There are 2 protein chains.
Amino acid sequence: MYRTHTCGDLRIHHIGNDTTLSGWIQRIRKLGGMTFIDLRDRYGLTQLVVDEKAPTELKTKIGELGREFVIQVNGKVLERQNKNPKMPTGDVEIDIKNIEVLNTAATPPFTIQADTDGGDELRMKYRYLDLRRDVVRNNLVLRSKMAIAIRNYLDSLDFIETETPVLMKSTPEGARDFVVPSRMNPGEFYALPQSPQVFKQLLMVAGFDKYYQIVKCFRDEDLRADRQPEFTQIDCEMSFVEQEDVLNTFEGLTRQLFKEIKNIDPGEFPRISYADAMDKYGSDKPDTRFEMLFNDITEIAKGKGFAIFDKAEYIVAINAKGATNYSRKQLDALTNYVKRPQVGAKGMVYVKYNEDGTFKSSVDKFFDHNDLKKWSEQCEAKPGDLLLILSGDKFETQEQMCELRLEIGRQLDLIDKDKFNPLWVTDFPLLEWDEETHRFYAMHHPFTSPKPEDIELLDTAPGKVRANAYDLVINGVEIGGGSVRIFDSALQAKMFRLLGFTEEQADAQFGFLMDAFKYGAPPHAGIAFGFDRLVSLFAGINSIRDVIAFPKNNTGRDVMNDAPSTISDEQLKELYLKVVQPEKKQ
Amino acid sequence: MYRTHTCGDLRIHHIGNDTTLSGWIQRIRKLGGMTFIDLRDRYGLTQLVVDEKAPTELKTKIGELGREFVIQVNGKVLERQNKNPKMPTGDVEIDIKNIEVLNTAATPPFTIQADTDGGDELRMKYRYLDLRRDVVRNNLVLRSKMAIAIRNYLDSLDFIETETPVLMKSTPEGARDFVVPSRMNPGEFYALPQSPQVFKQLLMVAGFDKYYQIVKCFRDEDLRADRQPEFTQIDCEMSFVEQEDVLNTFEGLTRQLFKEIKNIDPGEFPRISYADAMDKYGSDKPDTRFEMLFNDITEIAKGKGFAIFDKAEYIVAINAKGATNYSRKQLDALTNYVKRPQVGAKGMVYVKYNEDGTFKSSVDKFFDHNDLKKWSEQCEAKPGDLLLILSGDKFETQEQMCELRLEIGRQLDLIDKDKFNPLWVTDFPLLEWDEETHRFYAMHHPFTSPKPEDIELLDTAPGKVRANAYDLVINGVEIGGGSVRIFDSALQAKMFRLLGFTEEQADAQFGFLMDAFKYGAPPHAGIAFGFDRLVSLFAGINSIRDVIAFPKNNTGRDVMNDAPSTISDEQLKELYLKVVQPEKKQ
């Protein structure tokens, strides 16, 4: 037996007991003739001690130990003279009688502690050592706890966890598929699922009623900052339900998670329409941890001879409360912030509402006290506040103002990191017009149902049709989204036409789903949560990479085992494939 | 709201209530002026009734309904006159007031009932209809229930569920990998995991202590009868444990499943060594639901002039109790059974121990009463019993006798289908000698630890070294297997040499694991269960295909959506690949 206790077990009531522990050496300190060793395992740290009066043999062994050696020790639990109240085992230490080195260790390339000296690249190359650090492993433990909590919640509601194929059919729509050549079917390929969308809808046709799966999905995209080629979804679908049922079920799941994992009750989730979210926050994933809503001052700011406003479609102001003391330098920095290419504004107008009731603005030439008074009234500003104003094309300006609002929120320290503000964004547009290809795209996906009251607009003003689609947003992060699905073949066919599919194309890509729908499809709706994102939100970290055990870098490489890699000519031949090396740039 | 109750909800105490149900029409019967409809959903069947006095409009609607239409009905719960005690809802019926057709349905290509008229191919093509059948869906519900029970058990023991990469490094050893071309790394490929073996060992190096995952694995093999290219494993690994700890933990898991799912306590699992299993059952996965053990009669059957026995390495008898009345025809059929190429015996000897104490055998020419008496004593045979004897090369004969034993067991109805006999098979040989390639192969995998007491045999008689490897066998089916791993770099290097790896090969394939081991690997051991197999055992069915929602056929095709399929030239170009069509046979 390697251990009677873990390194996190021992307490004051164990004093006098014999114990056997196994683990890794965190550190060794010598103090006078005494040696102290911190022994670490997943469960904690325990202090070992070797007295100067210990047998020579034992002391010799101790002298040969090093950092990260794996050892097994046997000894008696003693009360510590200097207790460490920060450690759960801080009341005790082990007086070592025997020690056995189970494995030696080379010196790790970085220190195994919370504030490691290892850089990002090194930590990824030696991920198995990085994962030894509590701060990293705890994220994975959290992930495991969240997964089981999610499963138990959905299981209690009679959801059937059903595995759908990983080797599936390639569908050209949407992002790029990863493909898998089939040796047994020469020249043919499977695709890895971008989501089990089609299969979960088939399961509804099959009468499964409630389906869920925590499932790996795959997208062969050029990886942006925080994307992974493989990611994990909580994927769900329900039959004989309306939007309201889905929102309630998954609000219930999310609240249960907050309760079980973080001991928080975020209360009922507010709901906001897409249109309102854009008008008030300039974003379909608003961070509602602080107010500072948008104020549309287009009507009252136009026609005073300020050309930039006069030709603008939209003029929007936010009220940075109590920020009238912003210096010229700070205001210039804000202007530069919104002018960065990532934000893209042309400039920024400010209005200081001075404590004495006067105004000072960057557009004093064009607007008098009464004008600025009107604006400030619209923004519910009081003396001491600062108005920040952007203008231009409506949608672009909303997006720019969203960035400015978040930046000001950070600067004024309005964003409470310990606060969780979930909300539902609903009534998304069904379709997005793409100027480049001159066609509509499905904003969610082609199976999303329009709102019944908007169906007649499909013929006259498709761009105005709202969908029964919804997103769960927490702290400005899109955690999940879903929709009520079309379950009527005729409406689905119409959608495909609107999306520019010929009948043949629709048939080639979705024919078997449409066939299935002919045999009695129930009304159904679903949702998918980004599990990696949800865990990172709960962990209080920004990157999903830190909640994935073995993530890939931004060229899709696993730097630890150097995947992907070349395969043998024999393997290629068996797959009826030939690699065509890309042309070198001259 | 689509429903107030499901089709499995209503009971006698609901009588008089208003109810709204939604579901599929299972069947429609007309009886006099009455119409009876069985409405089906996942939860059950409820009888709907329309009286002859119902409004014409309602009766017209009813007249237009057909099988598998999706309808919503509203009405009052009535007590049935003819109660159906076989149906949970059999006490009541719904007097329909309103009916709405949610979706029509084309006539399904086969009947949606337990004893369907649909053939295998048709059922797979329309799998979404096949899954509507209770018998099929129940298997998937069972699968879901087993998965959550497994997770809760392991979670309660502090196992961390950790997802390992699906896009990993290709490793040429073992079965063929499915590969995934990387667009971002031209000419390079990921591989889909045959198992997360390396990653779970890395997680032990990382100090995760206890890992599990219910995970999809992939093998690009020519598919035999009951294999799937993607299958699901319960994959586990533990640190600071010995073989005994693993067996106890997973015996606990299995017993918990039997208790929770089938309300059975199979008791403590017997353990048998590989050597004993081969000697007693001729198999490393013995079906112990019936006895009929092997009796080695080599010593007492040789040297009497029967050439076949005299030159045999091994002569083995089984005692088919009470089968002395087997006819000549039955015995001939048995002989033919063992002579089939799948079994491969050259012939079979029988000895009838007649009720009057005399013997009648197929080798009376060579053996007298005393000889046969000795054999029967060895086999603990009594008058009325039948001995069946095979001879030849030891290993082959054991395998043949195993088949004969199972066949006789079936013929004599000794195999109780409701019985579950789990057992552990332990002490597997570490290595298998392959005559063809003239080298040793790892019987389990190259990371399996030899038994400490056998380590010195590695140099002198590698074939005799036993491994700390174990299989869980239930009713003759291998449910899972695992081993204590090597955690010492020097011993691992020796294993690689024994397995014929050059240092370079070992480094190329397992270098990063060996590197990891240098930084303090703990002693660890693990196991993996075949989840599909386990579910099918619990479901009492033979094929794993029936416990998979969307299985593939034996050429790896999904006949429902016709995957795999060709991809566009553009896609191929992006992946730097060219398809080389196989040469047509002339």
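Bear in mind the structure is a predicted one, so any value in this text is a computation, not a measurement.

Draft legend 1. Spatial organisation of the overall build of chain A. Across its full length, chain A carries 17 helices and 23 strands. In terms of overall dimensions, chain A has C-alpha extents of about 95 × 75 × 60 Å along its principal axes. Taking all 586 residues of chain A together, 57% fall into the buried category. Across chain A, the fraction of contacts at a sequence separation of at least 24, relative to all contacts at a separation of at least 6, is 64%. In the structure as shown, chain A presents an accessible area of about 25,500 Å², 47% of it carried by carbon and sulfur atoms. Both charge centroids of chain A, one from 77 positive and one from 92 negative side chains, sit 5 Å from each other.

Draft legend 2. Structural detail: the pairing of strand E17 (residues 422-426) of chain B. All names here are of chain B. Of all five residues in E17, five are buried, a share of seventy percent or more. Neither face of E17 is left uncovered, since the one carrying Pro422, Trp424 and Thr426 and the one carrying Leu423 and Val425 both have all their residues buried. The pairing of strand E11 (residues 271-273) with E17 spans three bridges and is classified as parallel. Residue pairing for E17: Arg271 is matched across the bridge by Trp424. The pairing of E17 with strand E20 (residues 469-474) spans five bridges and is classified as antiparallel.

Draft legend 3. Geometry of the interface of chain A and chain B. If you look at the interface, chain A gives 123 residues, while chain B gives 123 residues. Where chain A abuts chain B, roughly 10,900 Å² becomes buried across the two surfaces, and 59% of that area is made up of carbon and sulfur atoms. The largest contributions to the chain A side of the interface with chain B come from Glu163(A), Phe240(A) and Tyr519(A), which together make up 8% of the buried area. In this assembly, chain A and chain B are joined by 14 salt bridges. A salt bridge links Arg183(B) to Asp220(A), with the shortest nitrogen-to-oxygen separation between them at 3.1 Å. Where chain A meets chain B, there are 62 residue pairs in polar contact (both at pLDDT 80 or more). If one sorts the elements of the side of chain A that touches chain B by residue count, helix H4 (residues 134-156) of chain A sits on top with ten residues.

Draft legend 4. Representation of the relation of the copies chain A and chain B within the structure. For the match of chain A to chain B, the screw axis carries a shift of 0.0 Å, the RMSD comes to 0.0 Å, and the turn is 180 degrees. Taken together, the rotation and translation relating the two chain copies correspond to the operation of a two-fold axis. A share of 100% of interface residues in chain A that are also interface residues in chain B marks the association as one of identical surfaces.

Draft legend 5. Summary view of the side chain of Gln72(A). Relative to the helices and strands, Gln72(A) resides in strand E4 (residues 70-79). Residue class for Gln72(A) comes out buried when judged on its relative accessible area of 13%.

Draft legend 6. Expanded view of the domain arrangement of chain A. Split by domain assignment, chain A resolves into domain 1 (12-103), domain 2 (130-162 + 193-270 + 418-558) and domain 3 (290-411). Summarising the inter-unit geometry, the C-alpha centres of domain 1 of chain A and domain 3 of chain A are found 63 Å apart.

Draft legend 7. Quick look at the sheet that holds strand E3 (residues 44-50) of chain A. Strands sit in the order E1-E2-E3-E5-E4 (chain A) around a closed barrel of five strands; the barrel is mixed. Taking each pair of neighbouring strands and ignoring which way they run, the sheet shows an average axis angle of 55 degrees.

Draft legend 8. Region of the structure containing the pattern of salt bridges. Within the structure shown, the criterion is met by 82 salt bridges over all chains. A salt bridge links Glu161(A) to Arg151(A); the shortest N-O distance between them is 3.1 Å. Here Arg151(A) lies in helix H4 and Glu161(A) lies in strand E6 (residues 160-161), a separation of ten residues in the sequence. Residues Asp235(B) and Lys200(B) are paired through a salt bridge, measuring 2.8 Å at the closest nitrogen-oxygen approach. Residue Asp235(B) is found in strand E10 (residues 230-239), and its partner Lys200(B) is found in helix H5 (residues 197-205); the two are separated by 35 residues along the sequence. Classification of Asp235(B) by relative accessible area gives buried; the value is 1%. One network of salt bridges, in which partners are shared, links Asp120(A), Arg123(A), Arg127(A), Asp130(A), Arg133(A) and Arg545(A).

Draft legend 9. Representation of the side chain of Thr19(B). Residue and element names in this part refer to chain B. Take Thr19: it is sitting in strand E1 (residues 18-31). Look at Thr19 and you get buried, because its relative accessible area is 1%. The contacts of Thr19, once residues within four sequence positions are left out, are Thr4, His5, Leu10, Val73, Asn74, Gly75, Val77 and Ile94.

Draft legend 10. Focus on the environment of Leu293(B). Residues and elements named next belong to chain B. Position of Leu293 among the secondary structure elements: in the loop between helix H7 (274-281) and strand E12 (295-296). By relative accessible area, which is 26% here, Leu293 ends up partly exposed. Along the chain, Leu293 and Val316 lie 23 residues apart, while their C-alpha atoms are 10.0 Å from each other. When neighbours within four sequence positions are excluded, Leu293 is seen to be in contact with Lys280, Tyr281, Ala317 and Ile318.

Draft legend 11. Expanded view of empty space enclosed by the protein. Summed over the entire model, instances satisfying the criterion amount to nine cavities of 30 Å³ or more. As for the largest cavity, its lining consists of 31 residues, of which Ile214(A), Val215(A), Lys216(A), Ile214(B) and Val215(B) are closest to the centre. Going through the elements one at a time, H4 and strand E9 (210-218) of chain A together with helix H4 (134-156) and strand E9 (210-218) of chain B are the ones with two or more residues in the lining of the largest cavity. Looking at which element gives the most residues to the lining of the largest cavity, the answer is E9(B), with five residues. For the lining of the largest cavity, the per-class residue count stands at 13 nonpolar, eight polar and ten charged.

Draft legend 12. Highlighting unusual backbone geometry. Residues Ala563(A) and Pro564(A) are joined by a peptide bond in cis, for which omega reads -5 degrees. Within the secondary structure layout, Pro564(A) lies in the loop between helix H16 (531-539) and helix H17 (569-574). The backbone of Asp158(A) sits at a positive phi, close to 70 degrees, despite the residue not being glycine. Within the secondary structure layout, Asp158(A) lies in the loop between H4 and E6. Residue Asp158(A) is classed as partly exposed on the basis of its relative accessible area of 38%. The phi dihedral of Met292(B) falls on the positive side, at around 50 degrees, and the residue is not glycine. As for its placement among the helices and strands, Met292(B) is situated in the loop between H7 and E12.

Draft legend 13. Fine view of the sheet that holds strand E16 (residues 386-392) of chain B. Residues and elements named next belong to chain B. Across the sheet, five strands lie side by side as E12-E13-E16-E14-E15; this open sheet has antiparallel pairing. Looking at strand neighbours, the two that pair on one side only are E12 and strand E15 (359-361), the edges of this open sheet. Both E12 and strand E13 (residues 314-320) contribute to a ladder of two bridges, which runs antiparallel. In the strand pairing of E13, Asn295 is matched with Ala317. Together, E12, strand E14 (349-353), E15 and E16 form the strand contacts of helix H11 (residues 369-378), whose direction differs from that of E15 by roughly 95 degrees. Helix H12 (residues 394-411) rests against E13 and E16 of the sheet, and its axis sits at about 155 degrees to E16.

Draft legend 14. Representation of the packing of aromatic side chains. For the structure shown, the criterion picks out 52 aromatic pairs over all chains. Relative to Phe510(A), the ring of Phe447(A) lies with its centre 5.2 Å away and its plane at 90 degrees, an arrangement referred to as edge-to-face. With Phe447(A) in the loop between strand E19 (439-442) and helix H13 (457-460) and Phe510(A) in helix H15 (residues 503-517), this pair connects stretches of sequence that are 63 residues apart. When its relative accessible area of 4% is taken as the criterion, Phe447(A) is described as buried. When its relative accessible area of 6% is taken as the criterion, Phe510(A) is described as buried. Centroid distance Phe309(B) to Trp375(B): 6.0 Å. Interplanar angle 45 degrees. Geometry classified as tilted. On the criterion of sequence distance, the pair formed by Phe309(B) in helix H9 (residues 307-310) and Trp375(B) in helix H11 is long-range, its members being 66 residues apart. Of the aromatic side chains, those joined through ring pairs into one cluster are Phe306(A), Phe309(A), Phe366(A), Phe367(A) and Trp375(A).

Draft legend 15. Quick look at the packing of helix H14 (residues 489-498) of chain B against helix H15 (residues 503-517) of chain B. Residues and elements named next belong to chain B. Where H14 meets H15, the axes come as close as 11 Å, and the angle between the chain directions of the two elements is 165 degrees. As judged from the angle between their axes, H14 and H15 are roughly antiparallel. H15 is crossed by H14, and the crossing has right-handed handedness. Together, Ser489, Gln492 and Phe496 of H14 and Ala506, Phe510, Met514 and Phe517 of H15 make up the contact between the two elements. A class-by-class count of the residues in the contact of H14 with H15 yields five nonpolar, two polar and no charged.

Draft legend 16. Local environment of the nonpolar core. Core analysis: the largest hydrophobic core is formed by 62 residues, its most contacted members being Leu202(A), Phe208(A), Tyr128(B), Leu131(B) and Phe550(B). Here Phe208(A) is in contact with Ile160(A), Thr162(A), Leu203(A), Arg42(B), Leu131(B), Arg137(B) and Leu140(B), once residues within four sequence places are set aside. Core analysis: the next-biggest nonpolar cluster, separate from the first, contains 61 residues, Leu129(A), Val198(B), Phe496(B) and Phe512(B) among them.

What counts, and where the lines are drawn
Residues numbered from 1 in each chain as written. Chains lettered and ligands numbered in written order. Predicted model: local features only at pLDDT ≥ 70, side-chain atom pairs only at ≥ 80, totals over all residues. Heavy atoms only, no water. Helix = DSSP H or I, 4+ residues; strand = E, 2+ residues; numbered from the N terminus. Buried < 20%, exposed > 50% of the residue type's maximum accessible area, 1.4 Å probe, protein only. Contact = heavy atoms within 4.5 Å. Areas by Shrake-Rupley, 256 points an atom, 1.4 Å probe, with all protein chains shown as cover. Lys, Arg positive; Asp, Glu negative; His and termini not counted. Charge placed at Lys NZ, Arg CZ, Asp CG, Glu CD. Pairing = 2+ DSSP bridges. Buried area = accessible area lost by both parts, 1.4 Å probe. Salt bridge = Lys/Arg side-chain N within 4 Å of Asp/Glu carboxyl O. Polar contact = N/O pair within 3.5 Å; in protein donor to acceptor, adjacent residues only side chain to side chain. Least-squares fit on C-alpha atoms with pLDDT ≥ 70 in both. Domains from an automatic or database assignment. Axes fitted to C-alpha atoms, helices over the stretch in contact; angles between N-to-C directions. 1 Å grid on protein atoms, 1.4 Å probe; cavity = no way out; pocket = protein on both sides within 12 Å on 5 of 7 lines; lining within 4 Å. Points joined across faces, edges and corners; volume = space filled by probe spheres on them. Nonpolar A, V, L, I, M, F, W, Y, C, P; charged D, E, K, R; others polar. Phe/Tyr/Trp six-rings, centres within 6.5 Å; stacked < 30°, edge-to-face > 60°. Parallel < 35°, antiparallel > 145°, perpendicular 65-115°, else oblique. Left-handed = near helix turned anticlockwise from the far one by under 90°. Core = buried A, V, L, I, M, F, W, Y, C linked by side-chain atoms within 4.5 Å.

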